[in-house]
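The chain contents come next:
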Amino acid sequence: MTVLVIAEHDNHTLKAATLSTIGAALQVGDEIHVLLAGQGLAAVVDATARIPGVAKVLVAEEVHLAHGLAENLAPLVAGLARRYLHVLAPASTFGKNLLPRVAALIDVAPVSDVIAIESPDTFKRPIYAGNVIATVQSRDSVKLLTVRSTAFSPVPVAGGSAEVETMDPGLDLGQSRFVSRQLTETSRPELDSARVIVSGGRGLGSSEAFKQILEPFADRLGAAIGASRAAVDAGYAPNDCQVGQTGKIVAPQLYFAVGISGAIQHLAGMKDSKVIVAINKDAEAPIFQVADYGLVGDLFELVPELLAQLDVGIGA
Amino acid sequence: MKVMVAVKRVVDFNVKVRCKADGSGVELANVKMAMNPFDEIAVEEAVRLKEAGIASEVVAVSLGAKPCEETLRTALAMGADRAILVESDSELQPLAVAKLLMAVVEREAPQLVLLGKQAIDDDANQTGQMLAALLGWPQGTFASRVELSEGQLKVTREIDGGLETLALALPAIVTADLRLNEPRYVKLPSIMAAKKKPLAVITPQDLGVDVAPRLKQLKVAEPAPRRAGGQVGSVAELVSKLKNEAKVF
Ligand SMILES: Cc1cc2nc3c(=O)[nH]c(=O)nc-3n(C[C@H](O)[C@H](O)[C@H](O)COP(=O)(O)OP(=O)(O)OC[C@H]3O[C@@H](n4cnc5c(N)ncnc54)[C@H](O)[C@@H]3O)c2cc1C
Ligand SMILES: Nc1ncnc2c1ncn2[C@@H]1O[C@H](COP(=O)(O)O)[C@@H](O)[C@H]1O
């Protein structure tokens, strides 16, 4: 069975989530086709063609596809989708913006946030902020899925040699226009692929504290920085740091929740982390119910102390 | 300019839901219900557009069983002018909701439809995008800022890497993210006034839409609970345990 994967990329490199999506695709089919739509794609095409399991790379290049506008991209994907039994995209803001639009164009009910593939038509997905896992069966002839990158292993980018096919890029429908993008500049790892994440909550009290307390600690660990909704709403951290039901879903080896109470919406985004450490001055905070190691006390004393001991303890 | 807002009645976000013993669904008896939080944000935005003199009328629409009228009354109390309930006791999945909303849009001819980015019960995050596709309209999903000028809608979107701004032609669909605004607190006089505002009830049959579910929910289960590991007494103990027990360093 051939599966179509819609690649997420920035016209230069593939996003890590695309590699996990291909990992998921290999669980439903044995041959993968990857659609790359954008502009100036030479390097991404080259990388995608080297992924083992990818048989064909479909390339649609034109300026109206450069920014991933759903209005222009959806008809392109819809035109392709009927030739496949499965079409997969990452459950990222890119995939979630696009795939439902494609689905409605071909009258299919998409399945969001797939975390397990039970059979070619049956999938598991979390509902109610991850408090319930639903097993759903699709009766549509084409299955359209967005998949959670935390639930599937990424494929390597080496060893394969796929065929490359150029596609008609379609028309600019002119309904939407890209104006600007402000990406958060950071030299830290990305949240969705970091081994260690240090997240801060309202307990930090200010963006200065986020900088002075959390950042040096994260940098010492080579960690990504996350935040609770309350911390983002208060402006301590940018929106793309939000971890939770309606933010990013993460599953690192080690997750530090600092000054975060542990609301179910936050837990939804991080409770699959391998080891959870919570630092909170309230011994009753719900975060301690999921933490492997809880440290009760004032984060303004404990985090710097932890940083100091790490420097001694694990020999920088 | 007429603005339409879709509001869903969902289990209140503070409730931790439980599965029925037979795994056939989620226990909804005697559970506190409320307007989906993202839809509250969408209503607030619509009402602000009206207060700014940009929107001429705000119409709230809900789809579901009779008690959705309460949710619509909340929208009216927040400042919507009138409400429409598409009453149905069947399960309405996002694709069916999008089709019903499209039929309502065809009757009402709004220039802008606001929805929440996601319903916190099914967590689907699909309906707005599907409605946009069905209507052939542009979509500004996960919006944290909306600006209307000269027949164009500028939407700032919360995306994985940061923020993105798009310019959309009208009519358009916008789905609200958390930071679009902070919904107002409704006061008693507004609640009283809302009782007198018009609320029309129609059915999927009136709209000629087939709402049969496409996805079959085979079962639901609660994920294996994570067990707390207990508290450590000091930073030194934490470092030692992370190193020797968890072996993460
Ligand atoms: C529709 C919806 C979606 C949502 N989505 C998300 C989401 O995706 N992600 C998310 O995180 N939330 C989300 N929320 C919000 C969620 O319900 C909580 O409000 C939020 O997670 C609380 O953030 P917090 O833990 O930082 O703040 P609080 O709950 O205020 O907790 C702050 C914690 O800091 C501790 N503290 C204070 N000072 C100190 C100190 N000096 N030292 C140590 N500890 C200290 C306190 O004891 C407290 O436990 C959502 C809510 C809704 C309604
Ligand atoms: N039954 C419904 N009634 C009214 N609006 C709905 C309904 N279902 C979904 N919506 C709207 O669509 C948005 C996204 O829902 P979903 O795609 O289910 O996550 C919600 O925030 C609502 O604005």
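Predicted model, so just to flag it, every value in this text is computed and none were measured.

Here we look at the overall build of chain B
Thought 1: The secondary structure content of chain B amounts to seven helices and 12 strands.
Thought 2: Over its C-alpha atoms, taken along the principal directions, chain B stretches across nearly 65 × 45 × 40 Å.
Thought 3: Each of the 249 residues in chain B was classed as buried or not, and the buried ones make up 52%.
Thought 4: Separation of charge centres in chain B, based on 32 positive and 32 negative side chains, amounts to 4 Å.

Focus: the interface of chain A and chain B
Thought 1: In this complex, chain A contributes 86 residues to the contact, which on the side of chain B involves 79 residues.
Thought 2: At the boundary of chain A with chain B, total buried surface from both sides reaches about 7,000 Å², with 54% on carbon and sulfur atoms.
Thought 3: Where chain A packs against chain B, one counts six salt bridges.
Thought 4: With a shortest N-O distance of 2.7 Å, R214 of chain B and D107 of chain A are connected by a salt bridge.
Thought 5: Broken down by element, the side of chain A that touches chain B gets its largest block of residues, eight residues, from strand β11 (residues 176–183) of chain A.
Thought 6: Relative to strand β9 (residues 162–169) of chain B, β11 of chain A runs antiparallel, the two sharing seven bridges.

Focus: the site of ligand 1
Thought 1: Within the structure, ligand 1 sits among 29 residues, and R202, S228, S261, Q265 and N280 of chain A are positioned closest to it.
Thought 2: The residues that come close to ligand 1 belong to more than one chain, namely chains A and B.
Thought 3: S228 of chain A is positioned such that a nitrogen or oxygen atom in its side chain is 2.5 Å from an oxygen atom of ligand 1.
Thought 4: The backbone of K281 of chain A places a nitrogen or oxygen atom 3.1 Å from a nitrogen atom of ligand 1.
Thought 5: For ligand 1, the protein covers 85% of the area, taking 990 Å² as the surface of the free molecule.
Thought 6: Of all the secondary structure elements, the ones that give two or more residues to the shell around ligand 1 are α6 (229–233), α7 (264–270) and α8 (299–313) of chain A together with α1 (37–51) of chain B.
Thought 7: Taken together, the residues of the shell around ligand 1 break down into 10 nonpolar, 14 polar and five charged.

Describing the site of ligand 2
Residue and element names in this part refer to chain B.
Thought 1: Around ligand 2, a shell composed of 19 residues is seen, among which D39, L63, A119, N125 and T127 lie nearest.
Thought 2: Contact with the protein chains hides 98% of the accessible area of ligand 2, taken as 480 Å² for the molecule alone.
Thought 3: A per-element tally of the shell around ligand 2 places strand β4 (residues 57–64) first, with three residues.
Thought 4: Classifying every residue of the shell around ligand 2 gives nine nonpolar, seven polar and three charged.

Quick notes on the pattern of salt bridges
Thought 1: Applying the stated criterion to the full structure yields 32 salt bridges over all chains.
Thought 2: A salt bridge links D140 of chain A to R214 of chain B, with the shortest nitrogen-to-oxygen separation between them at 2.8 Å. Of this pair, D140 of chain A sits in the loop between β8 (132–138) and β9 (143–147) while R214 of chain B sits in the loop between α6 (204–207) and β12 (215–221), on two different chains.
Thought 3: When the shortest N-O distance is used, the salt bridge between E108 of chain B and R82 of chain B registers 2.6 Å. Highlighted residues: E108 of chain B in helix α3 (residues 94–108) and R82 of chain B in strand β5 (residues 82–87), separated in sequence by 26 residues.

Concerning the packing of aromatic side chains
Two aromatic rings, taken as a pair, are described by how far apart their centres are and by the angle between their planes.
Thought 1: Within the structure shown, the criterion is met by one aromatic pair over all chains.
Thought 2: A ring pair is formed by F217 of chain A and F256 of chain A, whose centres lie 5.0 Å apart and whose planes are at 80 degrees; its orientation type is edge-to-face. One end of the pair, F217 of chain A, is in helix α5 (residues 207–221); the other, F256 of chain A, is in strand β14 (residues 254–258), with 39 residues separating them in the sequence.
Thought 3: In this structure, K117 of chain B packs its charged tip against the face of F142 of chain B, placed 5.7 Å from the ring centre.

Observations concerning a nonpolar patch on the surface
All names here are of chain B.
Thought 1: A cluster of nonpolar side chains, contributed by L188, I191 and M192, occupies part of the molecular surface with about 280 Å² of accessible area.
Thought 2: With respect to the secondary-structure elements, M192 resides in helix α5 (residues 188–194).
Thought 3: On the basis of relative accessibility, which here comes to 44%, the residue M192 falls in the partly exposed class.

Section: the sheet that holds β12 of chain B
Thought 1: In spatial order, the strands read β6(A)-β7(A)-β8(A)-β12(B); together these four strands make up an open sheet with antiparallel pairing. Because the sheet does not close on itself, it has two edges, and the strands there are β6 (116–119) of chain A together with β12 of chain B. Going across the sheet, the axis of each strand differs from the next one's by a mean of 30 degrees, ignoring polarity.
Thought 2: Direction of pairing for β8 of chain A relative to β12 of chain B: antiparallel, over a ladder of six bridges. Residue pairing in the sheet places Q137 of chain A in a bridge with K216 of chain B of β12 of chain B.

So, the domain arrangement of chain A
Residue and element names in this part refer to chain A.
Thought 1: Domain annotation for chain A reports domain 1 (2–166) and domain 2 (191–314).
Thought 2: Just the C-alpha atoms count here: the centres of domain 1 and domain 2 sit 31 Å apart.
Thought 3: Counting the surface domain 1 buries against domain 2, the share from its top three residues, A129, R148 and T150, is 63%.
Thought 4: Across the contact surface, domain 1 and domain 2 share zero salt bridges.
Thought 5: Summed over the shared surface of domain 1 and domain 2, the number is one residue pair in polar contact (both at pLDDT 80 or more).
Thought 6: Looking at the side of domain 1 that touches domain 2 residue by residue, the classes come out as two nonpolar, four polar and one charged.

Cut-offs and rules
Residues numbered from 1 in each chain as written. Chains lettered and ligands numbered in written order. Predicted model: local features only at pLDDT ≥ 70, side-chain atom pairs only at ≥ 80, totals over all residues. Heavy atoms only, no water. Helix = DSSP H or I, 4+ residues; strand = E, 2+ residues; numbered from the N terminus. Buried < 20%, exposed > 50% of the residue type's maximum accessible area, 1.4 Å probe, protein only. Lys, Arg positive; Asp, Glu negative; His and termini not counted. Charge placed at Lys NZ, Arg CZ, Asp CG, Glu CD. Contact = heavy atoms within 4.5 Å. Buried area = accessible area lost by both parts, 1.4 Å probe. Salt bridge = Lys/Arg side-chain N within 4 Å of Asp/Glu carboxyl O. Pairing = 2+ DSSP bridges. Near = heavy atom within 4 Å. Polar contact = N/O pair within 3.5 Å; in protein donor to acceptor, adjacent residues only side chain to side chain. Areas by Shrake-Rupley, 256 points an atom, 1.4 Å probe, with all protein chains shown as cover. Nonpolar A, V, L, I, M, F, W, Y, C, P; charged D, E, K, R; others polar. Phe/Tyr/Trp six-rings, centres within 6.5 Å; stacked < 30°, edge-to-face > 60°. Lys NZ or Arg CZ within 6 Å of the ring centre and 35° of its normal. Patch = residues over 30% accessible without salt bridge, like charges linked within 9 Å, V, L, I, M, F, W, Y side chains within 5 Å. Axes fitted to C-alpha atoms, helices over the stretch in contact; angles between N-to-C directions. Domains from an automatic or database assignment.

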